Amino acid sequence: MNVQPDRRDIRILIADDDEQIMRCYREAFGDSQDTDQVKALDAMDAELFATNPELEIAPKFDLVACSQGQDAIDAVKAAADDGQPFAVVVLDVRMPPGIDGVEAGSQIRAMDPEVDIVFVTGFSSISRDELERRVPPPAKLHYFNKPLSFMKLASDVVDLVNTRGTKSPA
Amino acid sequence: MSNQLGIKSLQEKVSLTLLAVITVLAVLSYMVLHGVVAPAFDQLELAEARTNLTRAERAIQSDLENLSIITGDWAVWDDAYEYVSGEYPAFEVSNLDRPTLINLNLNLLAIYDKDSNLIWGQVDYDDAELMPEVLSILDPGTDTAAYLTRHTDPENQVDGMIMTDLGPMIISSWPVLKSDSGGPIAGSMIMGQFLDEGFATSLRERTEVALSWSVIDRNDKFESTLTTPLNIVGAGSIHQYTTSSEIVSSGLLIDLYNAPLLRLEVRTQRSISSLGNAAVNAALTFLALAAVIVAVVTWFMLRRIIVRPLATLASHITVIRKSGDLARKLGGERCDEIGALASEFDKLTGELHAARILLLDQSFKAGKADTAAEVMHNIRNAMTPLINGIDRVEKSFRAAEKTRVERAIGELVQPDCPPDRAKKLFAYIGSAFAHISSSNEEAINNLEVVSKQARQVEAILTDQEKHAQVAPVIEKLNLDEVLGEAVLVIPQVSQPEIALALEENISELSVCAHRVGLLQVMGNLILNAYESISRSDVPDGRIELSAHQEEIDDQPMIRLTIADTGCGFDASTRDQMFQRGFSSKDGPLSGLGLHWCANAMATMGGHILAESRGPGQGAEFHVLLPAAEGGVT
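What you see is a predicted model, and the numbers here were worked out from it, not measured in a lab.

Cut-off values and rules
Residues numbered from 1 in each chain as written. Chains lettered and ligands numbered in written order. Predicted model: local features only at pLDDT ≥ 70, side-chain atom pairs only at ≥ 80, totals over all residues. Heavy atoms only, no water. Pairing = 2+ DSSP bridges. Helix = DSSP H or I, 4+ residues; strand = E, 2+ residues; numbered from the N terminus. Axes fitted to C-alpha atoms, helices over the stretch in contact; angles between N-to-C directions. Contact = heavy atoms within 4.5 Å. Core = buried A, V, L, I, M, F, W, Y, C linked by side-chain atoms within 4.5 Å. Buried < 20%, exposed > 50% of the residue type's maximum accessible area, 1.4 Å probe, protein only. Buried area = accessible area lost by both parts, 1.4 Å probe. Salt bridge = Lys/Arg side-chain N within 4 Å of Asp/Glu carboxyl O. Polar contact = N/O pair within 3.5 Å; in protein donor to acceptor, adjacent residues only side chain to side chain.

Caption draft 1: Seen up close, the sheet that holds strand β2 (residues 61-66) of chain A. Residue and element names in this part refer to chain A. If you walk across this open sheet you meet the five strands as β2-β1-β3-β4-β5, and the pairing is parallel. The sheet terminates laterally at β2 and β5 (141-145), the two strands that pair on one side only. This sheet shows a mean twist of 20 degrees between the axes of neighbouring strands, independent of strand direction. The pairing of strand β1 (residues 10-15) with β2 spans six bridges and is classified as parallel. Across the sheet, I14 pairs through a bridge with A65, a residue of β2. Packing of helix α3 (residues 69-81) onto the sheet brings it into contact with β1, β2 and β3 (88-92), and relative to β1 it is tilted by some 160 degrees.

Spelled out as structure tokens, the structure:
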């Protein structure tokens, strides 16, 4: 997690206590470098059919994963201290036995007013209004119900960052 | 109730307390009456006995004084003086004879000259005229005779009692003087009365005292038994002893020489102590009766005012505790503290009943909400990898789709395809198929993930199915209350106007059922009836709710009937309407939840039936539920 990212990396923190879900996150937000086979195929494709493989390069994510709300708070604080704040923080709402994602989001918001916070949950009794009250502002608060496509989520995160501008380190 | 509660009942405690109070009161009364009052009567009686003795003594004293007066009258008289002096012999003829003794009630009259010589004398004893010589006390030369016949002082008379040969006698001796009490002393005048039975009878009549006397034996030790000084004749003491019927009081009467002569004895009937004992016994009887009456009245009043109402309240509380029926009311119109207690208890149970209903509803809803949240959370978590697996499968296939194998083959089949390009195209096609193959392999792996996640979802649903088998809480429900809530499903402004009729006896019946479930069933049935009437052409639609208890297979059941004047149905519809998925929305019935209603009734130990005489002739739905006997089960 301390690997120096290049300028196109999107720093993202994901907190979820379900290891299986986390594996899905890793697959969607992880390193999507093509294999040699694909690179060779893309090269032949470019040579034979005059296509430009550079146009299809997907953005890369600098993913930091944790399973508890307190770990997420600590990671945000450490990133801020290192001058490498996260662009997006994705939080599960229910992460027993520690504090829940809403409380973690509230504390993270207090440390970083700019970060986009995304709540993802299977079910929560907390209303959207309550979330907006505890983790303002609404423009930087996003909410997704499981089940969801993490590839779609990754795409949405890219759009979100592209729209608001990344927080990649200078 | 004491056995049930393991403690003494209030009634027993009150009874024991009253019994203890009465017992203590009786003992105290007995002690006071017999220890203080009765002895006071005894003292009064002893005092009366002393008084009687004194009265007897004073009567003798009085007779002695009268005798002295008579003797003095005769002794201080000129005629007697002259007679003794020998100057008036006719005095004897005119005054000294037996009638004189009788008239003066004398037994002895003797006249002596100054030398103690008897001039005239007579003793009347037992109707016989005797000479004074029969009395040895008057024998010349005796000390007594000298004492009685030799007066040296005109003022000195001798009065007293003396023992004679014929019995005890009161005697008076005066010096004979002139009528002006002048002298010199001419002689002595002696008069006496025997203390015989006649004398005693006279005393008894005058004093109304049962008196008697006996001569003292000079050798006896009577003096030593005296207890109280007696101010009667001479010195003496009163001695008293009691028998069961009388008090015997005695005292000593002394003679001229202050020696004990007679023992005067007075017997006093114990009338005072008898009256006292009777009064004490009457008082005790009265107190006992009063105590018993007070105790009985108090017991009845306490029982009526406190014990029974409290016992009723305690029994009511016990019934509520055992049955759990918080809707049960004690009622009553008492205006005292117990009435207020009962009223407050009714209010308390009423509030608890309402709170329990609310809690049950909330608990049911909360339970459902919690279950739903948990199930949703688990299923969504399980479906997330499933969806992402599908995404990856799609991605794999999209990777194959991106290849331009078809275009490469198209160029290869062209006759003018250069050999170099053909060679490269063959190489491209080979790489593309290898990529497609690896993508397919990746897709297969992802499909396995999808399959695994699908099985996980199925496992979650299977697990929930087990929870669905848990029976709902069955409680005692009052039909009036349930139906009052269930009929609220009918719109307030119904068109056409539908009359809703509830039989009066519904409020008296209770069933054992799951509150929310029964509410939903009855709400569905009533709403069905309403919709059926709304869809029919029958004017003046009416829904009637009735209930009665009946025995089914030896079990008391409540039959709830919802009758409507709506569309009705045919036999074919009736046979299908409780089947899963059946709906007759296009027909007379909406079929809303009837399958669920039937299942819900089955979980409550009841069932549901439907009847109709045919389309357009209304319908009846019968809900059968166990009658409530014990409350919450």
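Don't stop here, the text continues.
Caption draft 2: The arrangement of the nonpolar core in detail. All names here are of chain B. Of all hydrophobic cores here, the largest spans 43 residues; its most connected members are L518 and V623. Listing elements by their share of this core, those giving two or more residues are α12 (479-486), β14 (510-513), α13 (515-535), β15 (541-552), β16 (555-564), α15 (594-603), β17 (607-611) and β18 (619-626). When residues no more than four places from it in sequence are discounted, the contact partners of V623 are M522, L525, I558, R559, L560, I562, M601, H607 and I608. The next biggest cluster of nonpolar side chains, apart from the first, holds 42 residues, and it includes M191, L195, L203 and L262.

Caption draft 3: Region of the structure containing the interface of chain A and chain B. Residue-level contacts link 25 residues of chain A with 32 residues of chain B. Between chain A and chain B lies a buried interface of about 2600 Å² when both sides are counted; carbon and sulfur atoms form 60% of it. The largest contributions to the chain A side of the interface with chain B come from L41, L48 and F49 of chain A, which together make up 24% of the buried area. Across the contact surface, chain A and chain B share three salt bridges. The residue R404 of chain B makes a salt bridge to D45 of chain A at a minimum N-O spacing of 2.5 Å. In this assembly, chain A and chain B are joined by nine residue pairs in polar contact (both at pLDDT 80 or more). If you list the elements that add at least two residues to the side of chain A that touches chain B, you get α1 (19-29), α2 (36-49) and α6 (150-164) of chain A.

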